[in-house]
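Read off the chains here:
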Amino acid sequence: MINSDHATFFSLILFGIGILGLLTRKNLIMILISVEIMLNAVNLNLIALSRRDIQGMTAVGGEAIALFVILLAACEAAVGLGILIGLKKYSSDVSVDDFDELRD
Amino acid sequence: MASMNLLLALVIIIPIFSALLIAFTGRSFPSFAGWIAAGAVLLSFAFAVPVALQGIAGNATELHLWNFFFTKTLSIDVAFRVDELSGIMLFVVLGVGGLIHFYSIEYMKHDRSRGRFFALLNAFISFMLILILGNNLLMLFAGWEGVGFASYALIGFWYERQAPAKAGIKAFITNRVGDFGFMIGIFLLCWLTGSGSLAEINARCVELKNVTVNIGGMPFGYLELVALMLFLGACGKSAQFPLHAWLPDAMEGPTPVSALIHAATMVTAGIYMVCRLDGVFAAADTVREIMLLGALVTALGAAIVACAQTDLKRILAYSTISQLGYMMAGAAVMAKGTAIFHLATHAVFKALLFLSAGSVMHALSDKLDIREMGGLIRKIPVTGIVMIVGALGLAGVPLFAGYYSKEMIIGAVAADNYFAAALLIVGAAITAFYSARMIMLVFFGESRFDDETSKHCHESNWIMILPLIILAVGTLIVGHLHVSEILGHIEEENLPWVFYSALASVIFGGGFGIYYYRTHLSHSTPWKEFIKTGFGWDAAVDRVLIQPITELAKWVRDYLDKAGIDSLAHGMAHSAGALGETMRTLQSGSIGTYLGYAVFGLAILLWFIVP
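**Details of the overall build of chain B**
Thinking step 1. Along the backbone of chain B there are 25 helices and four strands.
Thinking step 2. With respect to the three principal axes, the spread of C-alpha positions in chain B is 110 × 65 × 55 Å.
Thinking step 3. Relative to its full complement of 611 residues, chain B shows a buried share of 52%.
Thinking step 4. In chain B, of all internal contacts separated by at least 6 residues, the share reaching a separation of at least 24 is 81%.

Below you can see the structure in the form of structure tokens.
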């Protein structure tokens, strides 16, 4: 029987994958995808926890927040991809190592 | 009385306004500065006359402006008061001051920074008015410090040269020593009486006479302590021994400044203060003994030193110190009338002498050494005659101002102490001697200056001569005014021996001076050179006080400041720099690294948040 504990554990694994991808990948597209994975891990966690009964009651707040996070993820993807297209003009492979102007 | 208040306000405001006006426009219109300055002081004098006459008649004018500050126990107003004493001082300060301002128009005509000169001169008059008219100790002190500043700035007027700049600093620092005592005196008085008002303090001193304080187990009279501190302040300002050494050096300033500040008005502020707080001094018998002793040392010592000087203005400076000693002696025996009388006469004849000396300098292209003068009466007769009148006033010849006031001081001192009076009579003989020596060496005998100087030698023009003539007439008149009686009856010993011996000493001293220097100089001897340096006082102070302090200052600079504080400060700066140098490598600009930091930070946060 799969219960919400399994879902929580799965979301932890997903989040770890996301962080790993964030730190190791050089391509900006891959980094964005990692961020999306992390967001989805968080969503899964929210939903799983909201399925739990707490003193006989079910909290639906987690599901509501998950909807907001999906919205946020969409916005973030739109803005992130927009920036990415801009950066594409300067460097063909959008590797993070090509952009270190933030130092100055 | 309302009109009197208005006049009093005008008297004070006009010089302040004029000083500011010249300070801001003097650079653009230097030729008007002198006329504005002199006009302002003379106008102020015209307004002051009715107020001062009212005050002298016993109808004091009081002007309360606003509250300066108040605490639970002490309230100080910005307030002015003209009574008998300040009335006389008003005449002295504004009358003599106005004439000196007028004289300065011509004297300073060729100086390029005369805007600064007249602004400072007017500022001095303003501060002096605050000093003499202030109704409480704090106002008096504000004026006191203000005139000290003006004096410093005017001694060092020609600051491009080293000697005036140094003399200014010396005057200021010496005064600081006195002011330190004066301030402590003021604090102690305010603490004891809970009031700053001069009249209230004087009134309460009788009942407070027996208040004592314990210092190291010894009981001291509280008022004795206060009086001692106030006397220290008076010593600084009025150039009394041992704080007298700044006054001869102050002669580096322009001659009108010497006349106004270092002879007629500012240096008498100490005497004025002692007379103003006579209630305090009346309750301090022991301190008055010390004052009398100090005054005698000053009066005699400075008179002897004056005999050996060869610089015309330094003769007059030492003479001023000596005459201030006479005033202090009068104040010490609680005969404030005589002290103020001598103050007034001295202001007139000493201003006259200084201004004549300025006229002599003008004629001789700024020469001051009396060894290079002589026979000038034929070249500049008007200056010569007025200066002789001034010298007669100084020497104390009958009919001239100094005779009456000096005689009264000696008489008042005789009522207290015969020995002191005898010493003052000896001092009078020495005064007459150096006055005669000065006049003989400058105006009579053979001419000792070169032909070049002789060719340029000329009488000054009317702007300079007019004040001289007015002051010469004043020297003849002022002695016959009964100034001393305004301030109450004086215990005077009308002993014939005092009168006759004083007169005899003047005749003897003056006659000997005239005879001795009738044709030529006397030779310089090592003894005379030693006396000329003020009995080596400056050198002694230098060795005992200034050199050790300089050494200490150097030690502090090298070991405390440079090695201690500086290295601490530099160390902090350097370590901050090194830290920054290390930290800047963290900022690589690489997005990947930054993301790593972010995750690391998140991990730390979680570590603390998750229980």
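The structure having been displayed, the exposition proceeds.
**Considering the interface of chain A and chain B**
Thinking step 1. Residue-level contacts link 11 residues of chain A with nine residues of chain B.
Thinking step 2. The residue makeup of the side of chain A that touches chain B, split by class, is six nonpolar, no polar and five charged.

**Some points on the environment of Asp285(B)**
Residues and elements named next belong to chain B.
Thinking step 1. Tracing the sequence through the fold places aspartate 285 in helix 13 (residues 285–308).
Thinking step 2. Its 14 C-beta neighbours within 10 Å are what place aspartate 285 among the partly exposed residues.
Thinking step 3. Sequence separation of aspartate 285 and tyrosine 516 is 231 residues, and the distance between their C-alpha atoms is 43 Å.

**Overview of the pairing of strand 4 (residues 218–221) of chain B**
Thinking step 1. Of the pairings in the sheet, the one linking strand 3 (residues 212–215) of chain B to strand 4 of chain B comprises four bridges and is antiparallel in character. Bridging from a neighbouring strand, Val213(B) pairs with Phe220(B) of strand 4 of chain B.

**Here's the deal with the packing of helix 3 (residues 84–107) of chain B against helix 10 (residues 255–264) of chain B**
Residues and elements named next belong to chain B.
Thinking step 1. Where helix 3 contacts helix 10, the two axes come as close as 9 Å, and the packing angle between them is 165 degrees. Our classification of the angle between helix 3 and helix 10 gives roughly antiparallel. Judged by the sense of rotation from one axis to the other, the crossing of helix 3 with helix 10 is right-handed. Contact residues: helix 3 offers Val92, Val96, Gly97, Ile100, Tyr103, Ser104 and Tyr107, while helix 10 offers Thr255, Pro256, Ala259, Leu260 and Ala264.
Thinking step 2. When the residues that make up the contact of helix 3 with helix 10 are grouped by side-chain class, the tally is nine nonpolar, three polar and no charged.

**Here's the deal with the nonpolar core**
Among soluble globular proteins, nonpolar side chains are generally buried collectively.
Thinking step 1. Membership of the largest hydrophobic core comes to 202 residues, with the highest contact counts inside it found for Val280(B), Ala329(B) and Ala351(B).
Thinking step 2. Sort the elements by how many residues they give to this core and helix 18 (residues 418–443) of chain B lands first, with 17 residues.
Thinking step 3. The contact partners of Ala351(B), leaving out residues within four places of it in the chain, are Val96(B), Ile100(B), Ala259(B), Ala263(B), Ala264(B) and Leu471(B).
Thinking step 4. Counting residues in hydrophobic clusters, the runner-up holds nine residues, among them Ile19(A), Leu28(A), Leu32(A) and Leu39(A).

Rules used in this analysis
Residues numbered from 1 in each chain as written. Chains lettered and ligands numbered in written order. Predicted model: local features only at pLDDT ≥ 70, side-chain atom pairs only at ≥ 80, totals over all residues. Helix = DSSP H or I, 4+ residues; strand = E, 2+ residues; numbered from the N terminus. Buried ≥ 20, exposed ≤ 12 C-beta atoms within 10 Å, placed from the backbone. Contact = placed C-beta atoms within 7 Å. Nonpolar A, V, L, I, M, F, W, Y, C, P; charged D, E, K, R; others polar. Pairing = 2+ DSSP bridges. Axes fitted to C-alpha atoms, helices over the stretch in contact; angles between N-to-C directions. Parallel < 35°, antiparallel > 145°, perpendicular 65-115°, else oblique. Left-handed = near helix turned anticlockwise from the far one by under 90°. Core = buried A, V, L, I, M, F, W, Y, C linked by C-beta atoms within 7 Å.

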